[in-house]
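If you want the building blocks of each chain, they are given just below.
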Amino acid sequence: MITVASLAPYLGGALALGGVAVAATRRRELLIRWCAWAVGVPLVTGAFWWGRPGAALVALVAGVIAVAEFGGLLRLGRPDRVVLAAAVAGVVLAAWLAPGQVLRVVAVGALAVAAVPLLTGDADRGLHRLGAGLLGLAWLSVLAALVPLGASALALFVAVSIADIVAYFAGRRLGGPRLSPLSPAKRWSGTLAGATAGLGVLAVLSALSWPMAIAVAVGGPAGDLLESMVKRGAGTKDAGRWLPGSGGLLDRIDSTLVALAVLLVLS
């Protein structure tokens, strides 16, 4: 069984090795990104060590921030963002306090999100607001899976993150056919190399199973392409500018969100 205690030494070791590698490159942007990881990894690991309340706290904070970034990308007004944030938070709290009511809370949240453009009588952008709100609810409510999955979700995040990094550098080095027009820089060679690295990480963490493997190999790249589609539609490169080295939170967790959804379906 995977526990946070069993993952902690690997996370600390990976952070230390990453720091040495970044220092050797002397690249400022990589150093900034590593510093963000050096702050975030202990905080998130500590929260998961707390158990279900800690995982719920991480999901709540991430959900609210992600909704703010998503609303900015889709140009949603404040009422839409507030209702969407409340709906996502409701799903997370239900996963923690009333697991049997999660689907009911999702349905209530969807009705609330749909009610905002309907009640304002927005004939011009109402359909856009409705579609964007429902997409945001379906996409970001997956964060609630952090509560029941616990340490498994943390292991999944680590594997997906490593797979993303390897896919980026391997794709640039190996070249080959593009993965999708949505993200011209990504290559099939990089995706396959990243998936292999992600599976290796799962094996090292004693978290390798066929649902986890598919979540990393398929869900991770799909999540990255989903955010690329949203950002291309919005005409922007990053979901935000506040997270050093990563743009916004969505830019960091996009792959993990769909990987979590795949893991939930297969589990």
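Our subject is the structure that appears above.
Because the structure is a prediction, the values reported are computed rather than measured.

### Description of the overall build of the protein
Secondary structure assignment for the protein yields 11 helices and 0 strands. Listing the helices and strands of the protein from first to last along the sequence gives α-α-α-α-α-α-α-α-α-α-α. Principal-axis analysis of the C-alpha atoms places the extent of the protein at approximately 55 × 40 × 35 Å. For the protein, long-range pairs separated by at least 24 residues make up 70% of all intrachain contacts whose partners lie at least 6 apart in sequence. Put simply, the protein shows about 13,400 Å² of open surface, and 70% of that area lies on carbon and sulfur atoms. Positive and negative side-chain charges in the protein, numbering 21 and 11 respectively, have mean positions lying 6 Å apart.

### Describing the side chain of Asp251
Examined against the element boundaries, Asp251 turns out to sit in helix 11 (residues 249-266). Separated by 3.0 Å, the side chains of Asp251 and Lys231 make a polar contact. Among the polar contacts listed, one links the side chain of Asp251 to the backbone nitrogen of Ala239, at a separation of 2.9 Å.

### Observations concerning a nonpolar patch on the surface
Taken together, the side chains of Ile162, Ile165, Tyr168 and Phe169 make up a nonpolar region of the molecular surface, amounting to roughly 360 Å² of accessible area. The class of Ile162 is partly exposed, set by a relative accessible area of 30%.

### Some points on the packing of aromatic side chains
Applying the stated criterion to the full structure yields 3 aromatic pairs. Both rings, one in Phe70 and one in Trp139, keep their centres 6.0 Å apart while their planes meet at 75°; by these two values the pair is edge-to-face. A residue pair is termed long-range when its members are at least 10 positions apart, and Phe70 in helix 3 (residues 52-73) and Trp139 in helix 6 (residues 126-140) qualify at 69 residues. Judged by relative accessible area, which is 0%, Phe70 ranks as buried.

### So, helix 5 (residues 102-120)
Look at helix 5: 28 Å from first C-alpha to last across 19 residues, which is about the 27 Å you get at 1.5 Å a residue. The set of residues buried in helix 5 consists of Gly109, Val113, Ala114, Val116 and Pro117. Buried residues in helix 5 make contact with helix 4 (78-97) and helix 6. The positive-phi residue at the C-terminal boundary of helix 5 is Gly121, with phi of around 65°.

### Some words on helix 1 (residues 4-25)
For helix 1, which comprises 22 residues, the first-to-last C-alpha distance of 31 Å matches the rise-based estimate of 32 Å (1.5 Å per residue) to within 8%. Along helix 1, the residues that are buried comprise Val4, Leu7, Leu11, Leu15, Gly19 and Val22. For helix 1, the angular spread of the buried residues around the axis is 110°, confining them to a single face. Relative to its buried face, helix 1 has exposed residues pointing more than 90 degrees away, namely Pro9, Leu17, Val20 and Ala24. Against helix 2 (28-49) and helix 8 (151-174) lie the buried residues of helix 1. Note on helix 1: the residue one or two positions beyond its end, Arg26, has a positive phi of about 60°.

### Focus on the nonpolar core
Leu140, Leu156 and Leu250 are the most contacted members of the largest nonpolar core, which totals 65 residues. Setting aside residues no more than four positions away along its own chain, Leu156 makes contact with Met212, Ala215, Val216, Ala259, Leu260 and Leu263.

### With respect to the side chain of Thr256
Positionally, Thr256 belongs in helix 11. By relative accessible area, which is 6% here, Thr256 ends up buried. With residues up to four places along the chain from it excluded, the contact list for Thr256 reads Phe157 and Val160.

### Some words on the pattern of salt bridges
Under the criterion given, the structure shown has 6 salt bridges. As a salt-bridge pair, Arg129 and Asp122 come within 2.8 Å of each other at their nearest N and O atoms. Its relative accessible area of 24% is what places Asp122 among the partly exposed residues. Here Lys186 and Asp224 are joined by a salt bridge, their closest N and O atoms 2.8 Å apart. Highlighted residues: Lys186 in the loop between helix 8 and helix 9 (188-204) and Asp224 in helix 10 (residues 210-234), separated in sequence by 38 residues.

### Observations regarding the environment of Pro184
For Pro184, the position within the fold is in the loop between helix 8 and helix 9. Sequence-distant contacts of Pro184, that is, excluding residues within four places in its chain, are made with Arg178 and Arg232.

Rules of the game
- Residues numbered from 1 in each chain as written.
- Predicted model: local features only at pLDDT ≥ 70, side-chain atom pairs only at ≥ 80, totals over all residues.
- Heavy atoms only, no water.
- Helix = DSSP H or I, 4+ residues; strand = E, 2+ residues; numbered from the N terminus.
- Contact = heavy atoms within 4.5 Å.
- Areas by Shrake-Rupley, 256 points an atom, 1.4 Å probe, with all protein chains shown as cover.
- Lys, Arg positive; Asp, Glu negative; His and termini not counted.
- Charge placed at Lys NZ, Arg CZ, Asp CG, Glu CD.
- Polar contact = N/O pair within 3.5 Å; in protein donor to acceptor, adjacent residues only side chain to side chain.
- Patch = residues over 30% accessible without salt bridge, like charges linked within 9 Å, V, L, I, M, F, W, Y side chains within 5 Å.
- Salt bridge = Lys/Arg side-chain N within 4 Å of Asp/Glu carboxyl O.
- Buried < 20%, exposed > 50% of the residue type's maximum accessible area, 1.4 Å probe, protein only.
- Phe/Tyr/Trp six-rings, centres within 6.5 Å; stacked < 30°, edge-to-face > 60°.
- Expected span 1.5 Å × (residues − 1).
- Arc of directions from axis to C-beta.
- Core = buried A, V, L, I, M, F, W, Y, C linked by side-chain atoms within 4.5 Å.

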